[in-house]
Amino acid sequence: MDIVIKGGTLVLGEGVFPAEIGITGEKVAAVGQSLDGGRVIEATGCLVLPGGIDAHTHLGLSLGPDLASSDDFESGTIAAACGGTTTVINYAEQCGYASLLEALDAWQAKAAGRAVIDYSFHMLIIDPCPDVIEEMAAIVQQGVTSFKALLAYKGIVMLDDAQLFRVLERARDLRALVNVHAENGHLIDELVAACRAAGQTAPRYHALTRPEVAEAEATERALALAEAAGAPIYIVHITCARAVDALRRAQARGQAAFGETCPQYLLLDERVYESEDFDTAAGYVLSPPLRERGNQGALWTALTAGTIQTVGTDHCPFTREQKARGRDDFTLIPNGLPGVETRVPLLYHYGVREGRLSLSDWVRLTATNPARLFGLYPRKGTLLPGSDADLVIFDPGKRVILDAGHLHTHTDYSPYAGWEVQGWPRHVLQRGRFIVEDGEFVGQAGGGRFIPRRPFALPASLA
Ligand SMILES: [Zn+2]
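Calculation notes
- Residues numbered from 1 in each chain as written.
- Predicted model: local features only at pLDDT ≥ 70, side-chain atom pairs only at ≥ 80, totals over all residues.
- Heavy atoms only, no water.
- Buried < 20%, exposed > 50% of the residue type's maximum accessible area, 1.4 Å probe, protein only.
- Helix = DSSP H or I, 4+ residues; strand = E, 2+ residues; numbered from the N terminus.
- Right-handed = clockwise from strand over helix to strand, strands pointing away.
- Pairing = 2+ DSSP bridges.
- Axes fitted to C-alpha atoms, helices over the stretch in contact; angles between N-to-C directions.
- Expected span 1.5 Å × (residues − 1).
- Contact = heavy atoms within 4.5 Å.
- Polar contact = N/O pair within 3.5 Å; in protein donor to acceptor, adjacent residues only side chain to side chain.
- 1 Å grid on protein atoms, 1.4 Å probe; cavity = no way out; pocket = protein on both sides within 12 Å on 5 of 7 lines; lining within 4 Å.
- Points joined across faces, edges and corners; volume = space filled by probe spheres on them.
- Nonpolar A, V, L, I, M, F, W, Y, C, P; charged D, E, K, R; others polar.
- Domains from an automatic or database assignment.
- Buried area = accessible area lost by both parts, 1.4 Å probe.
- Salt bridge = Lys/Arg side-chain N within 4 Å of Asp/Glu carboxyl O.

Peer 1: What's the story with the pairing of strand β10 (residues 118-124) in this structure? I'm lost.
Peer 2: Among the seven residues that make up β10, seven are buried, leaving the element largely enclosed by the rest of the structure. Residue alternation in β10 divides its side chains into two sets, D118, S120, H122 and L124 and Y119, F121 and M123, and both sets are buried. On the question of chirality, the crossover connecting strand β9 (residues 85-92) to the parallel β10 by way of helix α2 (residues 100-111) is right-handed. In this structure, β10 lies alongside strand β11 (residues 146-150), joined through two bridges in parallel fashion. In the sheet register, L124 faces β11, and the bridge partner there is K148. Once you follow β10 into helix α3 (residues 130-141) and on to β11, the crossover reads as right-handed.

Peer 1: Quick question: what am I supposed to make of the sheet that holds strand β4 (residues 20-24) here?
Peer 2: Note on sheets: strands pair through backbone hydrogen bonds, and any given pair is parallel or antiparallel. The sheet built from four strands is open, its strands ordered β5-β4-β1-β6 with mixed pairing. Taken across any chain shown, the strands that pair with only one partner, and hence form the sheet edges, are β5 (27-32) and β6 (39-42). Averaged over neighbouring strand pairs, the angle between their axes works out to 20° when direction is ignored. Of the pairings in the sheet, the one linking strand β1 (residues 3-6) to β4 comprises three bridges and is antiparallel in character. What sits directly across from I3, in β4, is I23.

Peer 1: Help me understand α2 in this model?
Peer 2: Residues three or four positions apart in an α-helix share a direction because the helix packs 3.6 residues into each turn. Between its first and last C-alpha atoms α2 spans 17 Å; for 12 residues at 1.5 Å apiece the expected length is 16 Å, and the two agree. Taken together, the buried positions of α2 are occupied by L100, A103, L104, A106, W107, Q108 and A111. If you follow the buried residues of α2, they end up packed against α1 (73-82), β9, β10 and α3. The residue sitting at the N-terminus of α2 and contributing the capping side-chain oxygen is S99; that oxygen lies 3.1 Å from the backbone nitrogen of L101. Once α2 ends, the next one or two residues include G113, with phi positive near 80°.

Peer 1: Help me understand empty space enclosed by the protein, please; the structure alone is not making it clear to me.
Peer 2: Gaps between atoms show up when a probe of the same size as a water molecule is rolled over them. Inspection of the entire model under this criterion finds one cavity of 30 Å³ or more. The space that makes up the largest cavity amounts to roughly 70 Å³. Of the residues that constitute the lining of the largest cavity, the class distribution is six nonpolar, five polar and one charged.

Peer 1: What am I meant to see in the domain arrangement of the chain here?
Peer 2: It is common to report an interface's size as the accessible area lost on association of the parts. Considered domain by domain, the chain is made up of domain 1 (3-49 + 382-397 + 422-441) and domain 2 (51-373). The C-alpha-based centres of domain 1 and domain 2 are spaced at 30 Å. Of the roughly 2,000 Å² buried between domain 1 and domain 2, counting both surfaces, carbon and sulfur atoms make up 63%. Counting across the domain 1 and domain 2 interface gives two salt bridges. R372 is the salt-bridge partner of E14, the closest N and O atoms lying 3.7 Å from each other. Connecting domain 1 to domain 2 are nine residue pairs in polar contact (both at pLDDT 80 or more). Listing elements by their share of the side of domain 1 that touches domain 2, those giving two or more residues are β2 (9-12), β3 (15-18), β7 (47-50), β16 (391-401), β17 (420-430) and β18 (433-437). With seven residues, the single largest contributor to the side of domain 1 that touches domain 2 is β17.

So, in structure tokens, the structure goes:
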């Protein structure tokens, strides 16, 4: 073996064990005791876990000719690596292409030679005309086995019910998973028009025009359409108790219905929008918006109850200058927050340390379940002999103050500025190579690979 990691506690979604890990080349070769190898990595006092999988990122998202999310595939994946994530599944927008295949090629070109960690894509569908529905098969053949549909952003990317139903039916036949952004775009536009008419332009109106009921209704509707189509469905960025309830009821009916939430919905709440400082409030503008704090308990409970299976980030950072486009009109504030670097440590600190999650829950939510749902398991999301040697040696004692100056994402603020967390990655390996060593990034642009994913199959176990 080339590398042996000794002395650590192995944390898998399946359980927690004292074990050594042996690595040969790019793969885990052995998990056990008294392994012999070339380089020994001492991990006493540390947790050894599979590299995180963030199934919801928007690196390189273009929102027009002169506006893009501030992380490209290089800066965003460096940030991910430093925070213990070794695979991202990024949203590939149709970006003006009529053909999904051309759009996917364009996204492959954006990532190739830039990404420092492994990556895949979910293919966004904004115009499910017959040609596009037909072309979904070719996308699945390339190993992109999930699609995204939105019920919000009317006139831009929103699908109507008939269109979503067609996408769900086709995905069912192709064994692909449809990820749905569930907010009622019609209702939101009505509320926005009323705010505009009343001269209400501040960031707080972003949240007030995207109320919980808009999410609850669209979640119910998306789940109903998936039920009618007999298709599996994955609801992204669930924020509130009412949407959790809808998902739980669908699961009780026997639907293959899955959900994701994000650290910002577990840890932040709508009071940030009351700030009189535009930059502060605008920094938290994302969709769906942050909610009333009472929802957080329902989200944490849903994570341990198995109602929500994954924690992604919706990583989509913008700088303060970019956010300032909406100084006089909240609808022009680009939507999104940074998060890819802080996901695994925040879930450790506020989940495991504060007693809300077990160690295995933490790894299941941030690595194992995304791998199982999105066709990457057991190559990724676990550390079994034959798995990719993507792993994190996590120091549970290291204290870090979250601050934009120290984080690697290309933006000039952190939504968690000043928060201190305990627990941070010390070393991160991807396919047997160090990409973070003693907290310093040591990987290289282009070191990441596109990972074709298997078709969707109902996981044997998730919760
Ligand atoms: Zn998103």
